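# Observations on the model geometry
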Amino acid sequence: IDWEYWDVLSGEQMMRLTRQLQKEIGAAHQLFEIVSRLQVSARSRESDDILVSDPSDLHKAYVVHLAWSDWPNEDANFPWACVIPKAQIPKGFL
C-alpha cells in the first residue's frame, strides 16, 4: 500500500464512512462479528478503500473496499477486505 495517497480522517467524514461500512457488512463477512467496534481512520484518494481497525486488537487492521450499497452483502467476499499488520501502517493513520 502506498500510504502517500491516503488521507487521515476525522469528524463527520469518519462517521459517514463508518456508517457505510456497517451498512455493507453482511452476516457471512469476516468482519461481521466486530463491525460495531471498527473505526475508520483513513481513506485512499485513488479508490473507495478505507482503513479500519478494532481498537482492542493491537496487531491487525483492515483495508476494506466499499461498494456503496444500501444493504448488507450476502456474499462473504464483499465488500473486499484485507488484513494489514498494524506494524506496517505509518504512525498517525490509526
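The structure displayed is predicted, hence computed values, not measured ones.

The rules we used
Residues numbered from 1 in each chain as written. Predicted model: local features only at pLDDT ≥ 70, side-chain atom pairs only at ≥ 80, totals over all residues. Heavy atoms only, no water. Helix = DSSP H or I, 4+ residues; strand = E, 2+ residues; numbered from the N terminus. Rg over C-alpha atoms; globule rule 2.2 N^0.38 Å. Buried < 20%, exposed > 50% of the residue type's maximum accessible area, 1.4 Å probe, protein only. Contact = heavy atoms within 4.5 Å. Areas by Shrake-Rupley, 256 points an atom, 1.4 Å probe, with all protein chains shown as cover. Lys, Arg positive; Asp, Glu negative; His and termini not counted. Charge placed at Lys NZ, Arg CZ, Asp CG, Glu CD. Salt bridge = Lys/Arg side-chain N within 4 Å of Asp/Glu carboxyl O. Pairing = 2+ DSSP bridges. Axes fitted to C-alpha atoms, helices over the stretch in contact; angles between N-to-C directions. Core = buried A, V, L, I, M, F, W, Y, C linked by side-chain atoms within 4.5 Å.

## Topic: the overall build of the chain
Check the secondary structure of the chain and you find 1 helix and 5 strands. The helix and strand sequence of the chain, counted from the amino end, reads β-α-β-β-β-β. For 94 residues, the compact-globule estimate of 2.2 N^0.38 gives 12 Å, and the chain sits close to it at 12 Å. Expressed along its principal axes, the backbone C-alpha trace of the chain runs to roughly 35 × 25 × 20 Å. Considering the chain as a whole, with its 94 residues, one finds that 41% of them fall into the buried category. For the chain, the share of sequence-separated contacts (at least 6 apart) that also reach a separation of at least 24 residues comes to 58%. Total accessible area on the chain is roughly 5,600 Å²; 53% of this is exposed by carbon and sulfur atoms. Here the chain holds 9 positive side-chain charges and 14 negative ones, and the gap between their average locations is 6 Å.

## Quick word on the pattern of salt bridges
Per the counting criterion, the structure on display carries 5 salt bridges. With its nearest N and O atoms 2.9 Å apart, the salt bridge here joins Arg37 to Asp54. Placement of the pair is Arg37 in the loop between helix 1 (11-24) and strand 2 (39-44) and Asp54 in the loop between strand 3 (49-53) and strand 4 (60-65), with a sequence separation of 17 residues. Since its relative accessible area comes to 5%, Asp54 is described here as buried.

## Remarks on the sheet that holds strand 3
One open sheet holds the 5 strands; their spatial order is 1-2-3-4-5, and the pairing between them is antiparallel. The two strands at the open ends of the sheet, each matched to only one other strand, are strand 1 (6-8) and strand 5 (81-85). Looking at each pair of strands side by side, their axes are set apart by 30° on average, direction ignored. In the sheet, strand 4 pairs with strand 5 via 5 bridges, with the strands oriented antiparallel. Looking across to strand 5, one finds that Lys60 is bridged to Pro85. This element, helix 1, spans strand 2, strand 3 and strand 4 of the sheet and lies at about 100° to strand 2.

## Thoughts on the nonpolar core
Of all hydrophobic cores here, the largest spans 15 residues; its most connected members are Leu21, Leu31, Leu38, Ile50, Val52 and Val64. For this core, the secondary structure elements donating two or more residues are helix 1, strand 3 and strand 4. Counting 9 residues, the second-largest nonpolar core is a separate cluster that includes Ala42, Ala61, Val63 and Ile89.

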